[in-house]
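# Working through the structure, step by step
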Amino acid sequence: MSRIITIQGEDQLAESVAEATAILRSGGVVLYPTDTTYALAANALDEKAIDRVFQVKGRDYSKPIHVIVRDIEQAAQYVAVGETARMIANEFLPGALTLVLTQLADSDIPPLLVAGAKTLGIRIPNHPVCKALSNALPFPVTTTSANRSGMPNTYSVEAVQEQLGTDFDKIDLTLDVGKLDSSSVSTVIAIEGESVTLIREGAIPFSVLSDFLTQHGRKV
C-alpha cells in the first residue's frame, strides 16, 4: 500500500524528499507533483523500476516515457544538446516544456524507457518537489502523468487514486501537495540539429516558441 505524505512547509519537504530518494535508489516508484500534473517517478536507468511504472499506468510498451533532470548539463550526459536546444532551455526552463533530443551513442538509457527509439524527452519542471528530487539524485527519474493510460490527466492525488484503483497500491510513496494549480500538460517539441518540430502543444504556446526562435534567427 502506498504511503502518503502531505507536504506542508520546507522542513517537511526536505524530509519527504529524503524518503523519496531512498525509495527511488532502491528501485521503487514515487507519485509526485510537477508544474503540470502529478507524475510517476522511478530511476530512469533501472529497467525493472521503469517496468513498474508501465504496469502501474497500464501503459503500452510502444510508448516512450520522458525524464526529469536537474539542469541542461545533466541532460547532456544522455542526449545531444546543440546550440538551439541550449538556447531554448536557457529561455524556457525550468518550465512546462519537454525537449525530445537525440540520444548520445554511449547513452546508458534502457531501451524500455524510450520504446527502442534513439531519442529521449527531457523535462526540467518548475516545481520545488521536482527540483529537490533532481538535486538529491545522481540519475534522472521518469516523468509520466500518473493517470490510467488513455484517461484524463490527474491534478490531485484523489484523482490518481480514483483512476488507478487497486494499482495505486503498487506505488511505494506519494508526495501530496494538494490539488495542483495547473490544468495543462507540458508542450513537447523535438529538436534535431537546428530543426524544431511541435509534437504536442501544452502550457507554453508553440507560437511563443516560434516567435522566440525567429527573433534569434532560427527557422521553425
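See the structure above.
So, a few notes on the structure that sits alongside this text.

Rules used in this analysis
- Here the residue index of a chain counts from 1 through its sequence in written order.
- The predicted nature of this model means local features are confined to residues of pLDDT at least 70 and side-chain atom pairs, given and counted, to a pLDDT of 80 or more, with totals for whole chains, interfaces and linings taken over all residues.
- Note that water and hydrogens are dropped before the side-chain values are worked out from all heavy atoms of the structure.
- Secondary structure elements are defined from DSSP: runs of H or I of at least 4 residues count as helices, runs of E of at least 2 residues count as strands, and each element is numbered from the N terminus.
- Only C-alpha atoms enter the radius of gyration; for comparison, a globular chain is expected to reach 2.2 Å times N to the power 0.38, where N is the number of residues.
- To sort residues, take the accessible area from a 1.4 Å probe on protein chains only and compare it with the maximum for the residue type: under 20% means buried, over 50% means exposed, and anything in between is partly exposed.
- Here, any two strands with at least 2 DSSP bridges between them count as paired.
- A side-chain nitrogen of Lys or Arg and a carboxyl oxygen of Asp or Glu constitute a salt bridge if their distance falls within 4 Å.
- By convention, a stacked pair of Phe, Tyr or Trp rings (six-membered ring in the case of Trp) has centres within 6.5 Å and planes under 30 degrees apart, an edge-to-face pair has planes over 60 apart, and any other such pair is tilted.
- Lines are fitted to the C-alpha atoms to define the axes, a helix being fitted only along its stretch in contact, and any angle between axes, read from their N-to-C directions, falls within 0 to 180 degrees.
- Here is the rule for angles: anything less than 35 degrees is roughly parallel, anything more than 145 is roughly antiparallel, 65 through 115 is roughly perpendicular, and the remaining ranges are oblique.
- Left-handed describes a crossing whose near helix is turned anticlockwise from the far helix by less than a right angle; the clockwise case is right-handed.
- By definition in these notes, contact holds between two residues if any of their heavy atoms fall within 4.5 Å.
- Any residue that is not Ala, Val, Leu, Ile, Met, Phe, Trp, Tyr, Cys, Pro, Asp, Glu, Lys or Arg is counted as polar, Gly included; the first ten are nonpolar and the last four charged.
- It is the directions from the helix axis to the C-beta atoms that the arc portrays.
- Definition of a polar contact: a pair of N or O atoms within 3.5 Å, with one able to donate and the other able to accept a hydrogen when the atoms are protein atoms, and with sequence-neighbouring residues admitted only if both atoms are side-chain atoms.

Counting its secondary structure elements, the chain contains 7 helices and 10 strands. Relative to its length of 220 residues, the chain is compact, with a C-alpha radius of gyration of 17 Å against a globular reference of 17 Å. Overall, the chain is about 50 × 35 × 35 Å in size when its C-alpha atoms are taken along their principal axes. Across the 220 residues that make up the chain, the buried fraction comes to 53%.

Turning next to the pairing of strand β3 (residues 38-41). Of the two faces of β3, the one carrying Y38 and L40 and the one carrying A39 and A41 are both buried. As paired strands, strand β2 (residues 30-33) and β3 are joined by 4 bridges and run antiparallel to one another. Residue P33 lies in a different strand from β3, and its bridge partner there is Y38. The hairpin formed by β2 and β3 contains 4 residues between the paired strands.

Tracing the backbone shows L213 in helix α7 (residues 206-215). Relative accessible area serves as the criterion here: at 1%, L213 is assigned to the buried category. On a C-alpha basis, the gap between L213 and S134 in space is 28 Å, while along the polypeptide they are 79 residues apart.

Attention shifts here to the pattern of salt bridges. On inspection of all chains with the given rule, the structure shows 6 salt bridges. The salt bridge involving R3 is made with E19; its shortest N-O contact spans 2.7 Å. Placement of R3 in strand β1 (residues 3-6) and of E19 in helix α1 (residues 10-25) is noted, with a sequence separation of 16 residues between them. Of the charged contacts, one joins D172 and R52 as a salt bridge, the two residues approaching to 3.0 Å between their closest N and O atoms. Highlighted residues: D172 in the loop between α6 (157-164) and β8 (173-176) and R52 in helix α2 (residues 47-57), separated in sequence by 120 residues. Accessibility expressed as a relative area gives 28% for D172, which makes it partly exposed. Judged by its relative accessible area of 28%, R52 is partly exposed. Each member of the salt-bridge network shares a partner with another, and the members are R148, D167 and K170.

Here we come to the packing of aromatic side chains. A complete count under the given rule lists 2 aromatic pairs for this structure. Between F54 and Y61, the ring centres sit 4.8 Å apart and the planes meet at 20°, which makes this aromatic pair stacked. By relative accessible area, F54 is classed as buried at 1%. Ring geometry for F92 against F212: centres 5.3 Å apart, planes inclined by 85°, an arrangement best described as edge-to-face. Of this pair, F92 sits in helix α4 (residues 83-92) while F212 sits in helix α7, placing them 120 residues apart in sequence. Here F92 and F212 have matching classes, each one buried.

What follows deals with the packing of α1 against helix α5 (residues 128-136). Contact geometry of α1 with α5 gives a least axis separation of 10 Å together with a crossing angle of 50°. As judged from the angle between their axes, α1 and α5 are oblique. Pair α1 / α5 crosses with right-handed handedness. For the pair α1 and α5, contact is made by L13, V17, A20, T21, L24 and R25 and by P128, V129, A132, L133 and A136, respectively. When its residues are assigned to classes, the contact of α1 with α5 shows 9 nonpolar, 1 polar and 1 charged.

Listed in full, the buried residues belonging to α2 are A49, I50, V53, F54, V56 and K57. Looking straight down α2, one finds that the buried residues subtend no more than 165° of arc, so they occupy a single side. Tucked inside the fold, the buried residues of α2 contact β3, β7 (141-145) and α6. If you check the start of α2, you find a side-chain oxygen 3.0 Å away from the backbone N of K48, and it comes from D46.

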